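# Understanding the architecture of this molecule
If you want the building blocks of each chain, they are given just below.
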Amino acid sequence: WTSDRLDARFHAGRELLGRLKQGDPELGREALRRLLADNPEEITVRNGLLEVGAHSAPVDARPLLDQLVLEYGHRMSDRTEAVRLLAETSPARAEEILGPLLRQERLRQTMPDQEFLLAGWLTACERTGTDPVEVLATVAGNIFMQDAARHRAVQELGEHPGTLSRATLEAVLVESTGNGYLRRKAAQALASSLPAETACSIFKEVAEKEADRNMLIFLLNILEEVCG
């Protein structure tokens, strides 16, 4: 197949999925039944059935989504998709499940990657109106958390300015774990969420004590950009 036909097929599939997600609960229940009964190998088919079931019949889908998120032994692709769908269709339940997992210093069970747990948490919070900052600060400051999750948390803290966000970002900015990318994202988040004068004062203080040459160059550049 040529790329234009592949693209057309992809877009047609997404359009069909969007229509099916708006179907009645009976359609959703049938999608879940087919997923469990037929156990298809193709991941896009599995994801599609699970998505139609979750959106069309969220009450019926919730126990299965809970099981997939929490129980070891299922396909990891199913479990990862279940995190997203639970957050979209049963956000209060997603908060109950994902919040404690993200607050743990170290996960004590095999779970989808923490970046997906955090993404689900943020989706759930957006739908329920819950303030995500406390969990974001916990994730951002947890050196045992996977890097991708910490990077996302730091970025999100920059979009939720406040006392806790600032304190967490300042702590990450001077962190000595060797993750220079995380420190740079913390600096960028501070620059975007604080008044320029305040941010410049923080960057100058850190630059005066910085031992990493590359980080020092970055700080000097951001000082020039933000402070002039």
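Figured I'd write up the structure that's included with this text. (Residues numbered from 1 in each chain as written. Predicted model: local features only at pLDDT ≥ 70, side-chain atom pairs only at ≥ 80, totals over all residues. Heavy atoms only, no water.)

### Section: the nonpolar core
Where we set the bar: By nonpolar core is meant a set of buried Ala, Val, Leu, Ile, Met, Phe, Trp, Tyr and Cys residues that side-chain atoms within 4.5 Å join together. Remark: exposure states derive from per-residue accessible area (1.4 Å probe, protein chains only) relative to the maximum for the residue type, with buried under 20%, exposed over 50%, and partly exposed in between. Residues count as neighbours in contact if any of their non-hydrogen atoms are within 4.5 Å of one another.
Leu173 and Phe203 are the most contacted members of the largest nonpolar core, which has 56 residues in total. Sequence-distant contacts of Phe203, that is, excluding residues within four places in its chain, are made with Leu173, Ala187, Leu190, Ala191, Leu219, Ile222 and Leu223.

### Points about the packing of helix H6 (residues 91-103) against helix H7 (residues 114-128)
Where we set the bar: Only the contacting stretch of a helix is used when fitting its axis, a line to C-alpha atoms as for every element, and angles between N-to-C directions run 0 to 180 degrees. A run of H or I in DSSP counts as a helix once it spans at least four residues, and a run of E counts as a strand once it spans at least two, with each numbered from the N terminus. Note on angle classes: values under 35 degrees are labelled roughly parallel, values over 145 roughly antiparallel, values of 65 to 115 roughly perpendicular, and the remainder oblique. Two helices cross in a left-handed way if the nearer one is turned anticlockwise from the farther one by less than a right angle. They cross in a right-handed way if the turn is clockwise. Any residue that is not Ala, Val, Leu, Ile, Met, Phe, Trp, Tyr, Cys, Pro, Asp, Glu, Lys or Arg is counted as polar, Gly included; the first ten are nonpolar and the last four charged.
With their axes 9 Å apart at the nearest point, H6 and H7 run at an angle of 140° to one another. As summarised for this structure, H6 and H7 are arranged oblique, according to the angle between their axes. The two elements H6 and H7 cross, and the hand of that crossing is left-handed. Between H6 and H7, the contacting residues are Pro91, Ala92, Ala94, Glu95, Leu98, Gly99, Leu101, Leu102 and Arg103 on the first element and Gln114, Leu117, Leu118, Gly120, Trp121, Ala124, Cys125, Arg127 and Thr128 on the second. Tallied by class, the residues present in the contact of H6 with H7 amount to 11 nonpolar, four polar and three charged.

### Quick look at the packing of aromatic side chains
We count it as follows: The rule is short: rings of Phe, Tyr and Trp, with Trp giving its six-membered ring, pair when the centres are within 6.5 Å, and they are stacked under 30 degrees, edge-to-face over 60, tilted in between. Sitting over a ring, as applied to charges here, requires NZ of Lys or CZ of Arg to be within 6 Å of the ring centre and within 35 degrees of the ring normal.
Tallied over the entire structure, the rule returns zero aromatic pairs. Positioned above the aromatic ring of Phe144 is the side chain of Arg106, whose terminal nitrogen or guanidinium carbon lies 3.7 Å from the ring centre.

### Some words on the pattern of salt bridges
Our working definition: One side-chain nitrogen of Lys or Arg within 4 Å of one carboxyl oxygen of Asp or Glu is enough to make a salt bridge.
In this structure the tally under the stated criterion is 18 salt bridges. Among the ionic pairs, Arg46 bridges to Asp78, the shortest N-O distance being 2.6 Å. With Arg46 in helix H3 (residues 43-56) and Asp78 in helix H5 (residues 76-89), this residue pair connects regions lying 32 residues apart in the sequence. Judged by its relative accessible area of 7%, Arg46 falls in the buried class. We classify Asp78 as buried; its relative accessible area is 6%. Here Glu156 ties to Arg152 by a salt bridge, and the two come within 3.0 Å at their closest N and O atoms. Of the two residues, Glu156 and Arg152 are both situated in helix H9 (residues 147-157); the distance of four residues between them amounts to about one turn of the helix. Owing to a relative accessible area of 11%, Glu156 belongs among the buried residues under this scheme. We classify Arg152 as partly exposed; its relative accessible area is 30%. Taken together, the shared-partner salt bridges connect Lys21, Glu51, Glu81, Arg84 and Glu88 into one network.

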